[in-house]
Amino acid sequence: MENAVNQIEKVGLLGNAIEKFVRPDTFPLGIRVMKEGEELPEKVRRPLRDLGSRFSICQAITMSRRYGWALAMGSEDQSCPIAKVAFAYEDEVDFYSDGNLAHGMYAKTCEIGVETEKAVPKFAKAEAGTIVIAPLNRATFEPQIVVTYGNSAQVMRMVAASLYTTGGEITSHFSARADCADIIIRTMQSDKPQVILPCYGDRVFGQTHDHEMAFSFPYSGVSSFMEGLEGTHRGGVRYPIPTFLRYENQYPATYERLNDMFDDQSGN
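Basis of the calculations
Residues numbered from 1 in each chain as written. Predicted model: local features only at pLDDT ≥ 70, side-chain atom pairs only at ≥ 80, totals over all residues. Heavy atoms only, no water. Buried < 20%, exposed > 50% of the residue type's maximum accessible area, 1.4 Å probe, protein only. Helix = DSSP H or I, 4+ residues; strand = E, 2+ residues; numbered from the N terminus. Arc of directions from axis to C-beta. Contact = heavy atoms within 4.5 Å. Pairing = 2+ DSSP bridges. Axes fitted to C-alpha atoms, helices over the stretch in contact; angles between N-to-C directions. Phe/Tyr/Trp six-rings, centres within 6.5 Å; stacked < 30°, edge-to-face > 60°. Lys NZ or Arg CZ within 6 Å of the ring centre and 35° of its normal. Core = buried A, V, L, I, M, F, W, Y, C linked by side-chain atoms within 4.5 Å.

Participant: Account for helix H6 (residues 110-118), naming residues and giving values.
Facilitator: Within H6, the full set of buried residues consists of Gly-113, Thr-116 and Glu-117. Taken end-on, H6 shows its buried residues confined to a sector of 95°, consistent with a single buried face. More than 90 degrees from the buried face of H6, the exposed residues found are Glu-111 and Lys-118. Buried positions along H6 lie against helix H5 (94-97).

This is the structure we're talking about:
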């Protein structure tokens, strides 16, 4: 029990650190895929049972990061057909695999749509489970994934923190579709941080704002990430960005002429 309490406290400390050093507009989130037999956290909302509706995962993420709710999304709670396939709640039938969902919207032909669907990260059946999402400061479970939405400067701030103890660079993948799979599945399967470009559905149904991006990383890297937040802050990589202001302005000619008159009067 003591170890569990310490883990929850550590999750909360991560939330505090992100809010201190990144200052996001919405709650940073912890996400866990709970397998059969794992007990769901208390006070977690189930969309169909408690709210009377099925949602997309991007909707649930927005609810959690804006409302501060903990939500659990099982197969019965899902409305998005792409997510049903990606998270292995439904089999990948030919109609999907043949590119019909991408054709005409994201792809010129079904053949091209096939390649589009292949690019979506997908769980195997053994990896599937109930997706639990909660703000880090309110989570009562140890997450597998951490995701924080912010503007591009805030995402840059988190990229810098994630590279503080390793150097190098971050590689991410962008397709304008299924960012829920990028946030959860790709991050879990790669065990590496990801810069997330919110997809079209996240903007339409999750109501993610035009200026927002996101950053996700595996919770297994929490210690180095927190060290990176503090270390880069000490080094001067901060948010809000401390813009350089120690320069003398140049004004329109009439303004400068008036300044010259003032200087003449004062003898400067």
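Participant: So what about the sheet that holds strand S6 (residues 213-218)? Which residues, and what values?
Facilitator: Strand pairing in a sheet is mediated by backbone hydrogen bonds. Such pairs are either parallel or antiparallel. Within the open sheet, the six strands sit side by side as S2-S3-S1-S4-S6-S5. Their pairing is antiparallel. Of all strands in the sheet, those bounded by a partner on one side alone are strand S2 (71-73) and strand S5 (194-196). For this sheet, the mean angle separating the axes of adjacent strands, direction not counted, is 25°. When S2 meets strand S3 (residues 130-135), the two strands line up antiparallel, connected through three bridges. What sits directly across from Leu-71, in S3, is Ile-133. Contacts between helix H3 (residues 57-67) and the sheet are confined to strand S1 (29-34), S2, S3 and strand S4 (145-150), with S3 contributing the most and set at about 25° to the helix.

Participant: I'd like a rundown of the packing of aromatic side chains, residues and numbers included.
Facilitator: Under the counting rule described, the total for this entry stands at seven aromatic pairs. With 6.2 Å between their ring centres and 20° between their planes, Tyr-251 and Tyr-255 make a pair best called stacked. Of the aromatic side chains, those joined through ring pairs into one cluster are Phe-215, Phe-217 and Phe-225. Over the ring of Trp-69 we find Arg-45, and its NZ or CZ is 4.0 Å from the ring centre. Positioned above the aromatic ring of Tyr-106 is the side chain of Arg-177, whose terminal nitrogen or guanidinium carbon lies 5.0 Å from the ring centre.

Participant: Summarise the nonpolar core; cite the residues concerned and give the values.
Facilitator: One recurring pattern in soluble globular proteins is that nonpolar side chains are buried together. By size, the foremost hydrophobic cluster in this structure holds 34 residues, and its most contacted members are Ile-31, Ile-57, Phe-87, Ile-131, Ile-183 and Ile-184. Here this core gets five residues from one element, more than from any other, and that element is helix H8 (residues 179-190). Discounting residues that sit within four places of it in the chain, Ile-57 has contacts with Met-73, Gln-78, Ala-83, Phe-87, Ile-131, Cys-180 and Ile-184. If you look at the next biggest cluster of nonpolar residues, it comprises 30 residues, including Ala-70, Ala-134, Ala-161 and Val-222.

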